[in-house]
Amino acid sequence: MRILITNHSLAARAGTELVVYEIARGLQLRGHEVAAYSSSLGEVAELLSASSIPVLTQPDACPFKPDLIHAQHHLDAMTALLAFPGTPAVYHIHGGVPWVERPPVHPRILHYIAMCQDLADCTRINLGLEEDQITTVPNWVDTHRFQGTRTPSARPERALLFGGGLGEPGVAAKLRPAFEQHQIRLETTADWTETDRRTPELALPRYDIVLGSGRSALEAMASGCAVVIANYQSCVGWARANNFLTLQHQNFSPKRADPGFDAPSCRVVLLLTTLKRQKRPQK
């Protein structure tokens, strides 16, 4: 099958950009012919090109007429649909905000894919879809890369703010006092080297605790870190075996902003105290 994938950006190594790369590589390995279209190119476009996957800034430059459009992001999806009249599409939804994530309605979008159950339910209601018109494919992690090589320390010493907007200016300063009270050094990915940024599977096992959401949280779990589900606005708490499915339904992300998410509120301090009292698993 010949498949064209769309995305609003193929620049930075970020969420949907890397989803495009992993989907394209997976389809390519299964013998499909794949190309990627975006109005903004960069590092991920270079990764695709290095894998012999054509990258386009105009959909009509595609070297083949696609049998299917795997559509992501509103404007790029609609541009590809207009470029190939008659070609059907599936639309992959990765969030409800910002507006570029919101799924369009078009007679040639035959099916919708949502990355968590809560988003699927919301989309089905908002678009008036039947249950068989939308499928949930939960976010995933490449466990061939992220192999959980971390060795637990006697007590937590290093924590990381990873994804979810937690690298925004001021977030680390707001939360750092809670960690310092327990002699835990809080870092952000801004402290990473270029090698760390390119190979998070090697960097993450250095940390005892990771605050993150979505795919970032999954990658930290796969690396053997204790994970607090959080973004720059809110914190849900620890990811555990007994709440994994509930968190998966909401893509391991807080569902609403919490103005009390800061060190003075003691929410993070209490979470850390809970972890400190737990017995460390033995190898």
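Residues numbered from 1 in each chain as written. Predicted model: local features only at pLDDT ≥ 70, side-chain atom pairs only at ≥ 80, totals over all residues. Heavy atoms only, no water.

### Brief notes about the sheet that holds strand E4 (residues 68-71)
So, point 1. Strands sit in the order E3-E2-E1-E4-E5-E6-E7 across an open sheet of seven strands; the sheet is parallel. A single partner strand is all that each edge strand has here, and the edge strands are strand E3 (55-56) and strand E7 (134-136).
So, point 2. The sheet contact formed by strand E1 (residues 2-6) and strand E2 (residues 33-37) spans five bridges and is parallel. Among the inter-strand pairings, isoleucine 3 is bridged to a residue of E2, identified as valine 34. (Pairing = 2+ DSSP bridges. Helix = DSSP H or I, 4+ residues; strand = E, 2+ residues; numbered from the N terminus.)

### A look at the environment of aspartate 121
So, point 1. Mapped onto the fold, aspartate 121 is located in helix H4 (residues 117-127).
So, point 2. Given the relative accessible area of 29%, aspartate 121 is considered partly exposed.
So, point 3. Aspartate 121 sits 95 residues away from glycine 26 along the chain, and the two C-alpha atoms are 27 Å apart. (Buried < 20%, exposed > 50% of the residue type's maximum accessible area, 1.4 Å probe, protein only.)

### A short note on the sheet that holds strand E12 (residues 235-238)
So, point 1. Strands sit in the order E9-E8-E10-E11-E12 across an open sheet of five strands; the sheet is mixed. Where the open sheet ends on each side, the last strands, each with one partner, are strand E9 (185-188) and E12. On average, each strand axis in the sheet is tilted by 20° relative to the strand beside it, whichever way the strands run.
So, point 2. Alignment of strand E8 (residues 158-162) against strand E10 (residues 209-212), held across four bridges, turns out to be parallel. For leucine 161, the partnering residue across the bridge sits in E10 and is leucine 211.
So, point 3. Across the face of the sheet, helix H8 (residues 214-222) comes into contact with E8, E10 and strand E11 (226-230) while running at roughly 170° to E11. (Axes fitted to C-alpha atoms, helices over the stretch in contact; angles between N-to-C directions. Contact = heavy atoms within 4.5 Å.)

### Remarks on the pattern of salt bridges
So, point 1. By the definition in use, this model includes 13 salt bridges.
So, point 2. Between arginine 197 and glutamate 43 there is a salt bridge, with the nearest N and O atoms lying 3.1 Å from each other. Here the residue arginine 197 occupies a position in helix H6 (residues 194-198), and glutamate 43 occupies one in helix H2 (residues 43-50), the gap between them amounting to 154 residues.
So, point 3. The class of glutamate 43 is buried, set by a relative accessible area of 15%. (Salt bridge = Lys/Arg side-chain N within 4 Å of Asp/Glu carboxyl O.)

### Some points on the nonpolar core
So, point 1. Counting residues in hydrophobic clusters, the biggest one holds 24 residues, and the most contacted among them are Leu4, Cys62, Tyr91, Tyr112 and Ile134.
So, point 2. Mapped onto this core, the elements with two or more residues apiece are E2, E4, helix H3 (74-83), strand E5 (89-93), strand E6 (109-114) and H4.
So, point 3. Among the nonpolar cores identified, the runner-up in size contains 18 residues, and Ala159, Leu175, Ala178 and Ile184 belong to it. (Core = buried A, V, L, I, M, F, W, Y, C linked by side-chain atoms within 4.5 Å.)

### Quick look at unusual backbone geometry
So, point 1. The phi dihedral of histidine 73 falls on the positive side, at around 75°, and the residue is not glycine.
So, point 2. Inspection of the secondary structure assignment puts histidine 73 in the loop between E4 and H3.
So, point 3. Despite not being glycine, glutamine 183 shows a phi value in the positive range, around 55°.
So, point 4. By secondary structure assignment, the location of glutamine 183 is in the loop between helix H5 (171-180) and E9.
So, point 5. Note on glutamine 183: relative accessible area 55%, which makes it exposed.

### With respect to the confidence of the model for the chain
Detailed reading of predicted coordinates is not advised where the pLDDT is low.
So, point 1. Chain-level pLDDT for the chain is 87 on average; 92% of the residues reach the 70-or-more range.
So, point 2. Confidence drops under pLDDT 50 across residues 279-283; counting only partners more than four residues distant or on other chains, this segment forms 11 contacts. (pLDDT = per-residue confidence, 0-100.)

### A look at H8
So, point 1. Summarising burial for H8: eight of the nine residues are buried, a large majority.
So, point 2. Among the residues of H8, those classed as buried are Gly214, Arg215, Ser216, Ala217, Leu218, Glu219, Ala220 and Ala222.
So, point 3. The inward-facing, buried residues of H8 contact helix H1 (15-29), E8, E10, E11 and helix H9 (244-249).
So, point 4. A positive backbone phi angle near 85° is found at glycine 224, which sits one or two residues after H8.

### As for the environment of glycine 15
So, point 1. One can find glycine 15 in helix H1.
So, point 2. For glycine 15, a relative accessible area of 40% corresponds to the partly exposed category.

### Digging into H2
So, point 1. Among all positions of H2, only Glu43, Val44, Ala45 and Leu48 are buried.
So, point 2. Summarising the contacts, the buried residues of H2 are in contact with H1, E2, E3 and H6.
So, point 3. Phi turns positive, to about 65°, at serine 52, one or two residues after H2.

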